[in-house]
Amino acid sequence: PEINDGQSPYDEYFGKGDYIDEGKNYIDINNSDAAEAVVCLVDSRNNNVIRNVYLVAATTFKMNHIPDGSYYLKVYYGIRWSRDKTLLDGKIKGGFVTDVDFVKINTGKNAFVMKQKKAGNSTRFSSYDIFLNPYDNNSVKISPEEFFK
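Residues numbered from 1 in each chain as written. Predicted model: local features only at pLDDT ≥ 70, side-chain atom pairs only at ≥ 80, totals over all residues. Heavy atoms only, no water.

Colleague: Quick question: what am I supposed to make of the sheet that holds strand β1 (residues 26–31) here?
Modeller: Note on sheets: strands pair through backbone hydrogen bonds, and any given pair is parallel or antiparallel. The 3 strands are arranged β4-β1-β10 in an open sheet whose pairing can be described as mixed. Each edge of the sheet is formed by a strand with only one pairing partner; in this case those strands are β4 (60–64) and β10 (127–132). Here the average twist between neighbouring strands, direction ignored, is 20°. Examined bridge by bridge, β1 and β10 share 6 bridges and lie parallel to one another. Pairing of I29 across the sheet is with I130, part of β10. (Pairing = 2+ DSSP bridges. Helix = DSSP H or I, 4+ residues; strand = E, 2+ residues; numbered from the N terminus. Axes fitted to C-alpha atoms, helices over the stretch in contact; angles between N-to-C directions.)

What follows is the structure in structure tokens.
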């Protein structure tokens, strides 16, 4: 395959992922069978992408070791990944060949709030389950330019 499940195809563009080694916060991302996806975890405070991950259709990926903060997701859906595909006048290398869509989800008051704290011998942390579907009416369509911002 040109790309494997769980790879970060846009590290060169967004930078290496932001991880907390002892961090227990996570999001389980369940992708539908309708499309492949690249999911970006975005810091709500400054709109910086801290993670980007490719998901095969009909798979689940655990995005873990997430730092405390407030986040939303930007999702690039499509079919058939090609490393030769370019976007934004050649600035971005790698993308989907067909059925392309860009959305953002869980913005504003629906953001994922991640908070981890020790309480005695135990650690409390945040976890979420998200189900991706390119036909979800609760997502907000965005442009490729906004996705790669």
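Colleague: Looking at this structure, how should I read the pattern of salt bridges?
Modeller: Opposite charge on two side chains lets them pair, provided their charged atoms get close. Applying the stated criterion across every chain, the model contains 4 salt bridges. Notably, a salt bridge pairs K141 with D101, separated by 2.7 Å at the nearest N-O pair. A residue pair is termed long-range when its members are at least 10 positions apart, and K141 in strand β11 (residues 140–141) and D101 in strand β6 (residues 92–105) qualify at 40 residues. In this structure D101 comes out as buried when scored by relative accessible area, which is 17%. (Salt bridge = Lys/Arg side-chain N within 4 Å of Asp/Glu carboxyl O. Buried < 20%, exposed > 50% of the residue type's maximum accessible area, 1.4 Å probe, protein only.)

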